[in-house]
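# Notes for the structure review
Listed below, chain by chain, are the residues.
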There are 4 protein chains.
Amino acid sequence: MKNVTPLTIRYAETDMMGVVYHANYLLYMEDARTAFLEALGIPYQTMEDAGFMSPVLSLEVNYGSPLRYGDKAVMVTWVSRSTAVKTVYNYAIFREGDDIENSKPLFTGSSTHCVVRRDSFEPVSIKREFPQLFEAYKQVLEE
Amino acid sequence: MKNVTPLTIRYAETDMMGVVYHANYLLYMEDARTAFLEALGIPYQTMEDAGFMSPVLSLEVNYGSPLRYGDKAVMVTWVSRSTAVKTVYNYAIFREGDDIENSKPLFTGSSTHCVVRRDSFEPVSIKREFPQLFEAYKQVLEE
Amino acid sequence: MKNVTPLTIRYAETDMMGVVYHANYLLYMEDARTAFLEALGIPYQTMEDAGFMSPVLSLEVNYGSPLRYGDKAVMVTWVSRSTAVKTVYNYAIFREGDDIENSKPLFTGSSTHCVVRRDSFEPVSIKREFPQLFEAYKQVLEE
Amino acid sequence: MKNVTPLTIRYAETDMMGVVYHANYLLYMEDARTAFLEALGIPYQTMEDAGFMSPVLSLEVNYGSPLRYGDKAVMVTWVSRSTAVKTVYNYAIFREGDDIENSKPLFTGSSTHCVVRRDSFEPVSIKREFPQLFEAYKQVLEE
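Residues numbered from 1 in each chain as written. Chains lettered and ligands numbered in written order. Predicted model: local features only at pLDDT ≥ 70, side-chain atom pairs only at ≥ 80, totals over all residues. Heavy atoms only, no water.

## Quick notes on the relation of the copies chain B and chain D
With an RMSD of 0.0 Å, the fit of chain B onto chain D corresponds to turning through 180° and sliding 0.0 Å along the axis. Taken together, the rotation angle and the small translation identify this as a two-fold axis. No C-alpha of chain B lies nearer the rotation axis than that of Thr8(B), which sits 6.1 Å from it. The residues that chain B uses at the interface reappear at the interface of chain D in 100% of cases, marking a shared surface. (Least-squares fit on C-alpha atoms with pLDDT ≥ 70 in both. Contact = heavy atoms within 4.5 Å.)

Shown next, in the form of C-alpha cells:
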C-alpha cells in the first residue's frame with residue numbers, strides 16, 4: 001500500500017532562503033505516518049490511549065528541489081519493512097500532478113520506529129502487544 | 001528588577017519575509033521568563049519538580065521593527081504585577097547597545113501566568129503553595 | 001462573515017504538559033486567516049505574488065481550556081475592523097459540535113495586520129493598492 | 001577539531017512524551033554548525049552577506065536515550081569530509097560531564113551541505129568561491 005496525502009505548507013515553515021526550512025520536512029513525514037495509520041484503520045491516538053507510544057529510532061532524508069509556500073505537492077508513504085520490534089516508513093514528495101511512479105521526487109526519506117510503554121519507555125513486541133497493527137503492517141508489505 | 005538577556009536568532013526562526021516569524025517571539029519571551037526565574041534563584045524546573053506548572057493565561061504583543069538573522073538584540077524582562085494567583089511579565093526588545101531607558105523598543109509584550117497542579121491543571125495560590133516564589137515576586141515589585 | 005475551519009493538532013505542537021504549546025495557537029490563527037482569505041476569493045499568495053506582504057502588527061490571545069492531541073476542534077474567524085491601513089482579525093476555538101454562538105470558547109484571540117511592500121516593508125493603503133481586498137473586507141464587515 | 005557546545009532545551013521543544021520532540025534535534029545540529037563556523041572564524045552570516053547560502057543536502061540521525069527539559073548536555077561537532085562541493089558534519093550529544101571519548105552518545109547524526117548562490121540556488125565550488133572556508137575545512141580535517 002502506498003498512501004498519498006496532500007501536503008500543505010505553512011508560512012511559518014519557510015525560512016529566509018524563501019523555501020521550506022529543512023527540519024520541517026520531518027513534520028510532513030509525521031503527518032504522513034499519521035495518515036497512513038488512519039488508512040490502516042489504526043489511528044496513532046489508539047496506540048497512546050492503550051498506553052504505548054511510537055518514537056522515532058532513526059531517520060534519513062535527502063533533499064532535492066526545495067518546496068516553496070504555495071506549492072502544491074503530495075507525500076507518498078509506504079512501509080518497506082516491519083518486524084515485531086521495528087517498522088520502517090518511506091516517504092517521497094512529488095509535485096501535484098506528477099507521475100509518482102516515473103518522476104524524480106523532490107524529497108525522499110525513511111524513518112524507523114519502535115513501540116514503547118508510555119510510562120517506562122520500554123520497547124515492546126507489537127506482535128504480542130499490538131497484533132492488529134502487526135498484522136496490518138504484514139498485509140501492506142505483502143501487497 | 002529588570003533582567004536583561006541576549007537574544008540569539010536561529011535561522012529556523014526566520015520566514016520567507018526574511019525576518020523572524022512573529023510566533024517565534026513567544027519563544028524569546030519564554031527564554032526571558034526562564035532567565036528571570038533563574039535570576040530570582042527559583043528555576044522553573046524547581047516548580048515542575050515540585051508537582052506544579054505555570055501555563056500562560058493570556059498574552060499581548062506589539063511588533064515594531066522586525067528582527068533579522070544575525071541581529072544583536074537583548075530582551076528586557078520585568079514583573080509588573082503579582083498576586084497569589086496571577087503574575088504579569090513584561091518584555092521589551094532593544095538592539096544591543098541601545099539605551100534601554102530611552103530608546104524605542106523593537107518589540108513589546110506582556111504575558112499573564114498562573115500556577116497549576118501538574119496532575120489536575122487545578123490553579124493554586126503561590127502564596128500558600130510557593131511562598132518563596134510569592135515573596136520573590138513581591139520583592140522585585142517593590143524595587 | 002464567520003469562517004469555520006477544522007483544526008488539526010500535530011504531535012509536534014504538544015509539549016510536556018501534555019497539551020498544545022501556547023505559541024502554536026498562533027499557527028492555527030495563521031491557518032485560519034489563510035482559509036478566510038481563500039473564502040474571500042483572494043488567497044494570501046496572490047498578495048505576495050503582487051509584491052506585497054501582510055505582517056502582524058500586534059496580537060492578543062486568551063487561553064481557556066487546553067487542547068490535546070486528538071481533540072476535534074474548529075476555529076471560528078471573522079474580521080471585526082478594517083481600514084485602508086489596518087485590518088483586525090478575531091478568532092475563537094470550539095470543540096467540534098459545540099454551538100459556536102452560545103458555548104464558551106476554549107481560546108480567543110485577535111490580530112492586527114497591515115500590508116507592506118515586499119522589498120521595502122513600507123506600509124501601503126489597501127484602498128489604493130488592493131481595492132479588491134479593501135472592498136471584500138468592507139463587505140464582510142457589513143454582513 | 002571537535003567543537004563542544006552546551007545544549008539548552010526549550011520547554012517548547014518537548015512534546016507530550018515528556019521528551020525533546022525528534023525534529024528539534026535538527027535545530028541543535030544547526031546551532032552546533034553555527035558555533036563550529038564561528039570557531040573556524042567564518043560565521044555563517046558572512047557567507048549569506050557574500051551572496052551565498054549553505055543548504056542541507058541530506059541527513060541521517062540516530063536517537064538513543066531521550067533528552068528531557070532541564071537536562072544538561074553538550075553537542076560535539078566535527079567535519080568528517082569536505083570537498084570543493086560538499087561538506088559532511090557529524091554530531092554527537094553527551095550528558096554534561098560524560099567522557100566524550102568513551103561514553104555512549106545519547107544521539108548521533110550527520111548532515112551533508114553544499115554552498116549555492118542566494119539568487120539562483122546554483123551550487124558553487126567553495127574552493128573557487130570561498131577559498132578561506134575550503135582551507136579552514138581542510139585544516140580541521142588534517143588535525
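There's more to say after this.
## Regarding the sheet that holds strand S5 (residues 87-95) of chain C
Pairing in this open sheet of ten strands is antiparallel, and the strands run S1(B)-S4(B)-S5(B)-S6(B)-S3(B)-S3(C)-S6(C)-S5(C)-S4(C)-S1(C) from one edge to the other. Among the strands making up the open sheet, the edge pair consists of strand S1 (3-7) of chain B together with strand S1 (3-7) of chain C. Strand-to-strand, the axes of this sheet are offset by a mean angle of 20°, without reference to chain direction. (Pairing = 2+ DSSP bridges. Helix = DSSP H or I, 4+ residues; strand = E, 2+ residues; numbered from the N terminus. Axes fitted to C-alpha atoms, helices over the stretch in contact; angles between N-to-C directions.)

## Notes on the interface of chain B and chain D
On the side of chain D, 15 residues touch chain B, which itself brings 15 residues to the contact. Contact between chain B and chain D buries roughly 1300 Å² in total, counting both sides, with carbon and sulfur atoms accounting for 41%. Looking only at chain B, the three residues that lose the most surface to chain D are Arg10(B), Tyr11(B) and Tyr69(B), adding up to 47% of its buried area. For the pair chain B and chain D, the number of links is four salt bridges. Put simply, Asp31(B) and Arg10(D) hold a salt bridge, and the shortest N to O gap is 2.7 Å. Applying the counting rule to chain B against chain D returns six residue pairs in polar contact (both at pLDDT 80 or more). Those elements that provide at least two residues to the side of chain B that touches chain D are helix H1 (25-40) and helix H2 (44-49) of chain B. Looking at side-chain class alone, the side of chain B that touches chain D contains seven nonpolar, three polar and five charged residues. (Buried area = accessible area lost by both parts, 1.4 Å probe. Salt bridge = Lys/Arg side-chain N within 4 Å of Asp/Glu carboxyl O. Polar contact = N/O pair within 3.5 Å; in protein donor to acceptor, adjacent residues only side chain to side chain. Nonpolar A, V, L, I, M, F, W, Y, C, P; charged D, E, K, R; others polar.)

## Comments concerning the packing of aromatic side chains
Applying the stated criterion across every chain, the model contains 44 aromatic pairs over all chains. Ring geometry for Tyr89(B) and Tyr91(B): centres 6.4 Å apart, planes at 20°, overall stacked. For Tyr89(B), a relative accessible area of 2% corresponds to the buried category. Judged by centre distance (5.4 Å) and plane angle (85°), the ring pair of Phe52(C) and Phe130(C) falls under edge-to-face. Residue Phe52(C) is located in strand S2 (residues 52-53), and its partner Phe130(C) is located in the loop between helix H3 (126-129) and helix H4 (131-142); the two are separated by 78 residues in the primary sequence. The burial state of Phe52(C) is the same as that of Phe130(C); both residues are buried. Three or more aromatic residues joined by ring pairs make a cluster, and in this case those are Tyr25(A), Tyr28(A), Tyr63(A) and Phe107(A). Here the guanidinium or amino end of Lys2(C) rests over the ring plane of Trp78(C), the centre of that ring lying 4.6 Å away. (Phe/Tyr/Trp six-rings, centres within 6.5 Å; stacked < 30°, edge-to-face > 60°. Buried < 20%, exposed > 50% of the residue type's maximum accessible area, 1.4 Å probe, protein only. Lys NZ or Arg CZ within 6 Å of the ring centre and 35° of its normal.)

## Concerning H1(B)
In this model H1(B) runs 23 Å from its N-terminal to its C-terminal C-alpha over 16 residues, within 8% of the 22 Å that 1.5 Å per residue would give. Just beyond H1(B), the residue with positive phi is Gly41(B), at close to 85°. (Expected span 1.5 Å × (residues − 1).)

## Notes on the sheet that holds strand S4 (residues 73-82) of chain A
Spatially, S1(A)-S4(A)-S5(A)-S6(A)-S3(A)-S3(D)-S6(D)-S5(D)-S4(D)-S1(D) is the arrangement adopted by the ten strands of the open sheet, whose pairing is antiparallel. Strands with a single pairing partner mark the edges of an open sheet, and in this sheet they are strand S1 (3-7) of chain A together with strand S1 (3-7) of chain D. In this sheet, adjacent strand axes meet at a mean angle of 20° when their direction is disregarded.

## Concerning the side chain of Ser110(B)
As for its placement among the helices and strands, Ser110(B) is situated in strand S6 (residues 107-113). If we skip the residues at most four places from it in the chain, Ser110(B) touches Met29(B), Ser58(B), Leu59(B), Glu60(B), Val88(B), Tyr89(B), Asn90(B) and Tyr91(B).

## Observations regarding the side chain of Asn90(C)
Counting through the fold element by element, Asn90(C) comes out in strand S5. Here Asn90(C) is in contact with Val76(C), Thr77(C), Trp78(C), Ser80(C), Gly109(C) and Ser110(C), once residues within four sequence places are set aside.

## Regarding the interface of chain B and chain C
Each partner contributes to the interface: chain B provides 27 residues, whereas chain C provides 27 residues. The interface formed by chain B and chain C includes zero salt bridges. Where chain B meets chain C, there are six residue pairs in polar contact (both at pLDDT 80 or more). For the side of chain B that touches chain C, the elements supplying multiple residues, two or more each, are H1, H2 and strand S3 (56-63) of chain B. In terms of residue count, S3(B) provides more of the side of chain B that touches chain C than any other element does, eight residues in total. Of the residues belonging to the side of chain B that touches chain C, the class tally is 17 nonpolar, four polar and six charged. Of the strand pairs in this sheet, S3(B) and strand S3 (residues 56-63) of chain C are connected by five bridges, and their pairing is antiparallel. Each residue of the ladder has a partner; that of Asn62(B), found in S3(C), is Ser58(C).

## Notes on the nonpolar core
With 196 residues, the main nonpolar core has Leu67(A), Leu67(B), Leu67(C) and Leu67(D) as its most contacted residues. For Leu67(A), the residues in contact, after removing those within four places along its chain, are Leu7(A), Ile9(A), Val19(A), Val20(A), Tyr25(A), Tyr28(A), Ala73(A), Ile93(A) and Leu106(A). (Core = buried A, V, L, I, M, F, W, Y, C linked by side-chain atoms within 4.5 Å.)

## Remarks on the packing of helix H1 (residues 25-40) of chain C against H4(C)
Packed helices, taken two at a time, are described by the angle their axes make and the gap between the axes. All names here are of chain C. Contact geometry for H1 and H4: axes closest at 11 Å, N-to-C directions at 95°. Comparing their axes, H4 and H1 come out roughly perpendicular. Residues Phe36, Leu37 and Leu40 of H1 touch H4, and the partners they reach there are Leu133, Ala136, Tyr137 and Val140. Within the contact of H1 with H4, the residues separate by chemical class into seven nonpolar, no polar and no charged. (Parallel < 35°, antiparallel > 145°, perpendicular 65-115°, else oblique.)

Scope: geometric values only; no functional claims are made or implied.
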